[in-house]
Protein chains: 2
Amino acid sequence: MSALILDGKSVTKKSEEDLRSRVARLKKLSNGAVPILATILVGNDPSSATYVKMKSNACTRVGMDSLKIEMSEETTTEELLAEIAKLNANPNIHGILLQHPVPPQINERQCFDSIDLSKDVDGVTCWGFGRMAMNETSYGSATPKGIIRILEAYDIPLEGKHAVVVGRSPILGKPMAMMLLNKNCTVTICHSKTVGLDKIIKNADIIVGAVGKPEFIKAAWIKDDAVVIDAGYHEGGVGDIELEPLMNRVKAYTPVPGGVGPMTINTLIYQTVEACELKLEK
Amino acid sequence: MSALILDGKSVTKKSEEDLRSRVARLKKLSNGAVPILATILVGNDPSSATYVKMKSNACTRVGMDSLKIEMSEETTTEELLAEIAKLNANPNIHGILLQHPVPPQINERQCFDSIDLSKDVDGVTCWGFGRMAMNETSYGSATPKGIIRILEAYDIPLEGKHAVVVGRSPILGKPMAMMLLNKNCTVTICHSKTVGLDKIIKNADIIVGAVGKPEFIKAAWIKDDAVVIDAGYHEGGVGDIELEPLMNRVKAYTPVPGGVGPMTINTLIYQTVEACELKLEK
């Protein structure tokens, strides 16, 4: 049996068509103004620069604008907070992306949490996380929300399934666990201190790799018929899960690249359009 | 082998001695003023009235004051929000307890979330939950925080242990899972849609019963040497877990009553004293 490929590229392509028409409608409603995503890139990390570029390209593809802010490697917490405060106060900006990670001298959590809840389209604030966890209206953290969206796009059943999330980062593992819980999965969260990871993964109907280590999760640990979600991306085009041996025996999997990555970017754009719609409907 | 009894009564007794001296110190520092907990009871539910009474009694025992607010069964969301706003603005009030549950016409979530973060000593706001989950300074939800405190009082090892939380309520199951995760447990969250609950519980080193159904979790599902935490309380003095057959074969357990219940009340008081200390140190 060949596994179903959860094709992030084709799901995002379809979503972008929908978003293009929603942006066109917003443009008419507001005399030519379009949703604007502000992207903040701090420092010189080349992969961060690439990600920000991919995000602003996605804005362009659906007819939105992006406002690109680049700050030096030496930026202080206070300078970054001041920049975010300006964007919070700017009525033309609908969403704010602060590209993670920021240089080590910056208090990233404080900066994330200074983003206005109504503009937190990347889902990085503690407040937004808490609201999401309690099933209140909120923008979900972009990567896990993108994963939920791709699972839904392929009608993967979630209720009553045992999902194992490997990783507990603030913008991936923790929100992923809460989102799957809210979709009625039984959820297990594993991490670096977990004992017997292989045996726990063996029970997973749905496995989410979110550890940030190349092929850390072995194919042999994963049962036949599992749904395999790989949120990692590493040099050489591999993810956090040893995918190749699984392709003929699991139920479904996200390819690397072309699975979770495009969904993350698309979710950011999608939530920015939502933020603009909400603002206009107010 | 006889199991270790996690005796909430004796832990809270010791904590109250400590709190009494901290309150006495605060009283000196502030010319006779003591920490004040505002308790809000809405409606006529007799067990809620009992809980509120027990909480104000605990305030008295450590030398604190409580301000008792009682509102009718017909209270509207707006009336309750207005009352909370007054307490938020009152500089003499250090903590606010809104007794759960409130009558059905009230939007409980909105009322919880209107409590100022600095006075959320019962740990019920989405914002406080998000901060706790991300390991930022916060008051934890009182029952799960009380459970963490009793585990620590008895030096129960948590790191690398597999904890299974049965229940996913906003003030118990969800925060319990995040707190145990932050203590480096591997955490599984189960609920009404979970399939094969017995087998999942069989793997638990630590089991937390937080379902609200009398003896719903069977002794036969729990392995020898597990640590058993029962957060339920039902008529006839039983909890959510069938405890009696476990008393001679598990490692440790919380009795019902006298285990989690006293810890919940003590944690509320403890966090109110902390709030008052933080305010004075500002």
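Just so you know, these numbers come straight off a predicted model, no measurement behind them.

The rules behind the values
- Along each chain, numbering runs from 1 in the same order as the chain's sequence is written.
- The order in which chains are written sets their letters, starting at A; the order in which ligands are written sets their numbers, starting at 1.
- Confidence filtering applies because this is a predicted model: local features only for residues at pLDDT of at least 70, side-chain atom pairs given and counted only at 80 or more, and all residues used for totals across whole chains, interfaces and linings.
- Only heavy atoms go into the side-chain values, all of them from the structure, while hydrogens and water stay out.
- The salt bridge definition used is simple: a Lys or Arg side-chain nitrogen within 4 Å of an Asp or Glu carboxyl oxygen.
- Secondary structure follows DSSP: runs of H or I at least 4 residues long count as helices, runs of E at least 2 residues long count as strands, and numbering of each begins at the N terminus.
- Between buried and exposed lies partly exposed: a residue is buried under 20% and exposed over 50% of the maximum accessible area for its type, with that area taken using a 1.4 Å probe on protein chains only.
- A right-handed crossover is one whose linking path, passing over the helix from the first strand to the second, runs clockwise when the strands point away from the viewer.
- Each pair of strands is called paired provided DSSP finds at least two bridges between the two strands.
- Both cavities and pockets are sets of points on a 1 Å grid over the protein atoms alone; in a cavity a 1.4 Å probe fits but cannot get out, in a pocket the set is open with protein on both sides within 12 Å along at least five of seven lines, and lining residues sit with an atom within 4 Å of a point.
- Grid points are joined across faces, edges and corners, and a volume is the space filled by probe spheres set on the points.
- Amino acids outside the nonpolar list (Ala, Val, Leu, Ile, Met, Phe, Trp, Tyr, Cys, Pro) and the charged list (Asp, Glu, Lys, Arg) are all regarded as polar, and Gly is one of them.
- UniProt positions are given in the numbering used here, feature names are shortened, and annotations may be inferred rather than shown by experiment.
- By the convention used here, residues are in contact when the closest approach between their heavy atoms is within 4.5 Å.
- Here the buried area means the combined drop in accessible surface, using a 1.4 Å probe, for two parts upon being joined, counting both sides.
- Here an axis means a line fitted to C-alpha atoms, over the contact stretch when the element is a helix, while the angle between two N-to-C directions is reported on a 0 to 180 degree scale.

All names here are of chain B. Counting across every chain of the model gives 18 salt bridges over all chains. With a shortest N-O distance of 2.9 Å, R22 and E277 are connected by a salt bridge. Of this pair, R22 sits in helix α1 (residues 8-29) while E277 sits in helix α9 (residues 260-281); the two residues are 255 residues apart in sequence, bridging distant segments of the chain. In this pair, the class of R22 matches that of E277, namely buried. Of the charged contacts, one joins E152 and K183 as a salt bridge, the two residues approaching to 2.8 Å between their closest N and O atoms. Here E152 is found in helix α6 (residues 142-153), whereas its partner K183 is found in the loop between α7 (173-182) and β6 (186-190), with 31 residues between them in sequence.

This part takes up the pairing of strand β5 (residues 162-166) of chain B. Residue and element names in this part refer to chain B. The element β5 is extensively covered by neighbouring structure, given that 5 of its 5 residues are classed as buried. The β-α-β motif built from β5, the intervening α7 and the parallel element β6 has right-handed crossover chirality. Bridge analysis of β5 against strand β7 (residues 206-209) gives 4 bridges, and the strand direction is parallel. Within β7, the position partnered with V166 by the bridge is G209.

With the rule as written, the count across this model stands at 4 cavities of 30 Å³ or more. The space that makes up the largest cavity amounts to roughly 50 Å³. Lining the largest cavity, in full, are M134(A), G123(B), V124(B), T125(B), G128(B), F129(B), M132(B), Y139(B), G140(B), S141(B), P170(B) and P175(B). Of the residues forming the lining of the largest cavity, the biggest block, 3 residues, is contributed by helix α5 (residues 126-133) of chain B. The residue makeup of the lining of the largest cavity, split by class, is 7 nonpolar, 5 polar and no charged.

Attention shifts here to the UniProt feature "domain: Tetrahydrofolate dehydrogenase/cyclohydrolase catalytic" (unreviewed entry) in chain A. Annotation from UniProt places "domain: Tetrahydrofolate dehydrogenase/cyclohydrolase catalytic" (unreviewed entry) at residues 6-122 of chain A. Structurally, residues 6-122 of chain A is divided into 49% helix and 15% strand, and its ends, taken at the C-alpha atoms, are 22 Å apart.

Next up on the list: the interface of chain B and chain A. Every contact between the two is made by 33 residues of chain B and, on the other side, 33 residues of chain A. Around 2,700 Å² of area is buried between chain B and chain A when both sides are counted, 65% of it from carbon and sulfur atoms. The three residues of chain B that bury the most area against chain A are M134(B), K174(B) and L181(B), which together make up 21% of that side's buried surface. Connecting chain B to chain A are 2 salt bridges. K193(B) serves as the salt-bridge partner of E159(A), at 3.8 Å between the closest nitrogen and oxygen. Elements supplying a minimum of two residues to the side of chain B that touches chain A: α4 (108-113), α5, α7 and β6 of chain B. Take the side of chain B that touches chain A: its biggest share by element is 6 residues, from α5(B). Within the side of chain B that touches chain A, the residues separate by chemical class into 14 nonpolar, 11 polar and 8 charged.

The next thing to look at is the sheet that holds strand β4 (residues 95-98) of chain A. Two pairing modes exist for strands in a sheet, parallel and antiparallel, and in both the strands are linked by backbone hydrogen bonds. Residues and elements named next belong to chain A. Ordered in space as β3-β2-β4, the 3 strands form an open sheet in which the pairing is parallel. Of all strands in the sheet, those bounded by a partner on one side alone are β3 (65-71) and β4. On average, each strand axis in the sheet is tilted by 15° relative to the strand beside it, whichever way the strands run. As defined by bridge partners, strand β2 (residues 36-42) adjoins β3 across 7 bridges and the pair is classed as parallel. If you follow V42 over to β3, its bridge partner there is M71. The strands touched by helix α3 (residues 77-89) are β2, β3 and β4; relative to β3, the strand with the most contacts, the crossing angle is about 165°. Helix α9 (residues 260-281) rests against β2 and β4 of the sheet, and its axis sits at about 135° to β2.

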